[in-house]
Amino acid sequence: MKPTMSDVARTAGVSAMTVSNVLTGRRHVSPATRSRVEQAAAALGYELNLTARHLRAGRTDTVALVVPHFDHPYFGELAARLAALLAAEDRHLVVEQTGASREAELAAVSQARWQLYDGVLLSVVGMSAADLDDLHTSVPLVLLGEQEMPARYDHVRMDNVAGARLATAHLLATGSRRIAVVGGADPDPASGMKPARTLGWTLAHADAGTDPAPELLVRAPADLTSGRDAVRRLVADGIEFDAVFAVTDTLATGVLAGLAEAGVRVPDDVQVIGFDNLASSEFTVPALSTVDPGHERMVTEALRLLDAVARGPAGGADGGTGAREHVISPARLVHRATARAR
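These figures come from a predicted structure and were not determined experimentally.

Q: Give me the lowdown on helix α1 (residues 5–12), citing residues and values where you can.
A: Buried within α1 are the following residues: Val-8, Ala-9 and Ala-12. Along the axis of α1, the buried positions cluster into a sector of 100°, meaning they face one direction only. Just past α1, the residue Gly-13 takes up positive phi, approximately 75°.

Pasting the structure below:
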């Protein structure tokens, strides 16, 4: 049978309330009494002893990562990188899923259970800037995501516009003239990933003194099937294209499957470039050219900012009152076999 708080109290010769005060740190207890309680808890193997020590120290060595989806390859790789960094410091990562729901994102930072974590890294998809401005939390919080965020929170994001501009410029420089953007949206850098990356596609055309044809903006969910289906639609509708910029590597992988199905040679007939530089992108056939958004810098900066918030006044509650940082990780093009070399 597992020992109880009452067992610890009897062994230490104190009340259960005193044991609770020692283990939670809620009230002052004399050093001698604290020592007796801790020794009794250790001798009995009382399971909450280690947790209580953490609570008294004001930390649990655990960070929460809140993401829209567990099964999205990008978020899986993000979690793996964060877990590795934390493990090197004897800390731990807990991952929660919101389903990209505004309500679930709000709950993630407002519910009392977040008090068990030293801080929260929140990937924002469903919440608006107004929601975030109205948010009140007692837990250190750093935002991840591709839309504009309130100035009172630290924020880490990719350079979506510059990355998409690099990819499209490469396709134009290597001879492509009708470049479809698969997963595109109305271009707006403040509205999220797809609009920002579509803006980069548009700006690269403007840099080259041309305008992309409207029918080459192909809207699609960011999954494998949608990438393949986008190619099927382009072919079925008789829309000419000699390159594809896919706004994610997952879409690009689907695009490659659709092109293979249609008997189109890559990169001879159609060049393809994705975005995210997922680990799997190196193993597509042909190997996928892609935009690397600077994953390692993003996770390093996110943890640096979270620790800084936690050390700030009142643990950085409610976004804190000090200067906040909005970090944009620089993008670079990773050239592989699906695009021609310059």
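Q: Help me get a handle on the pattern of salt bridges, residues and values and all.
A: In this structure the tally under the stated criterion is 20 salt bridges. Between Arg-324 and Asp-154 there is a salt bridge, with its nearest N and O atoms 3.3 Å apart. Here Arg-324, found in the loop between α12 (295–311) and β11 (326–329), pairs with Asp-154, found in strand β5 (residues 154–158); they are 170 residues apart in sequence, far enough to count as distant. Owing to a relative accessible area of 22%, Arg-324 belongs among the partly exposed residues under this scheme. In this structure, the salt-bridge partner of Arg-232 is Glu-261, at a minimum N-O distance of 2.7 Å. Residue Arg-232 is found in helix α10 (residues 224–236), and its partner Glu-261 is found in helix α11 (residues 249–261); the two are separated by 29 residues along the sequence. A single salt-bridge network, built from bridges that share partners, covers Arg-228, Asp-229, Arg-232 and Glu-261.

Q: Please give an account of the sheet that holds strand β10 (residues 289–292) that cites residues and values.
A: Pairing is mixed in the open sheet, where six strands are placed in the order β7-β6-β8-β9-β10-β12. Where the open sheet ends on each side, the last strands, each with one partner, are β7 (217–218) and β12 (332–334). In this structure, strand β6 (residues 179–182) lies alongside β7, joined through two bridges in parallel fashion. Its bridge partner being in β7, Val-182 is matched across the sheet by Val-218. Helix α8 (residues 160–173) contacts β6, β8 (243–246), β9 (271–275), β10 and β12 of the sheet and is inclined by roughly 170° relative to β9. Along the sheet face, helix α9 (residues 193–207) touches β6, β7, β8 and β9 and points at about 170° away from the line of β6.

Q: Go over the nonpolar core with me, naming the residues and quoting the values.
A: Core analysis: the largest hydrophobic core is formed by 59 residues, its most contacted members being Leu-121, Val-244, Phe-245 and Val-272. Considering each element in turn, this core owes the most residues, seven residues, to α12. One finds Val-109, Tyr-117, Val-124 and Val-139 within the second-largest nonpolar core, a separate group that totals 16 residues.

Q: Could you give me a rundown of the packing of aromatic side chains, with the residues and numbers involved?
A: Scanning the entire structure with this criterion turns up one aromatic pair. On the basis of an interplanar angle of 70° and a centroid distance of 5.1 Å, the ring pair of Tyr-74 and Phe-75 is categorised as edge-to-face. Taken as a pair, Tyr-74 and Phe-75 share a single burial class, namely buried. Against the face of Phe-275 rests Arg-197, its NZ or CZ located 3.6 Å from the ring centre.

Calculation criteria
Residues numbered from 1 in each chain as written. Predicted model: local features only at pLDDT ≥ 70, side-chain atom pairs only at ≥ 80, totals over all residues. Heavy atoms only, no water. Buried < 20%, exposed > 50% of the residue type's maximum accessible area, 1.4 Å probe, protein only. Helix = DSSP H or I, 4+ residues; strand = E, 2+ residues; numbered from the N terminus. Arc of directions from axis to C-beta. Salt bridge = Lys/Arg side-chain N within 4 Å of Asp/Glu carboxyl O. Pairing = 2+ DSSP bridges. Contact = heavy atoms within 4.5 Å. Axes fitted to C-alpha atoms, helices over the stretch in contact; angles between N-to-C directions. Core = buried A, V, L, I, M, F, W, Y, C linked by side-chain atoms within 4.5 Å. Phe/Tyr/Trp six-rings, centres within 6.5 Å; stacked < 30°, edge-to-face > 60°. Lys NZ or Arg CZ within 6 Å of the ring centre and 35° of its normal.

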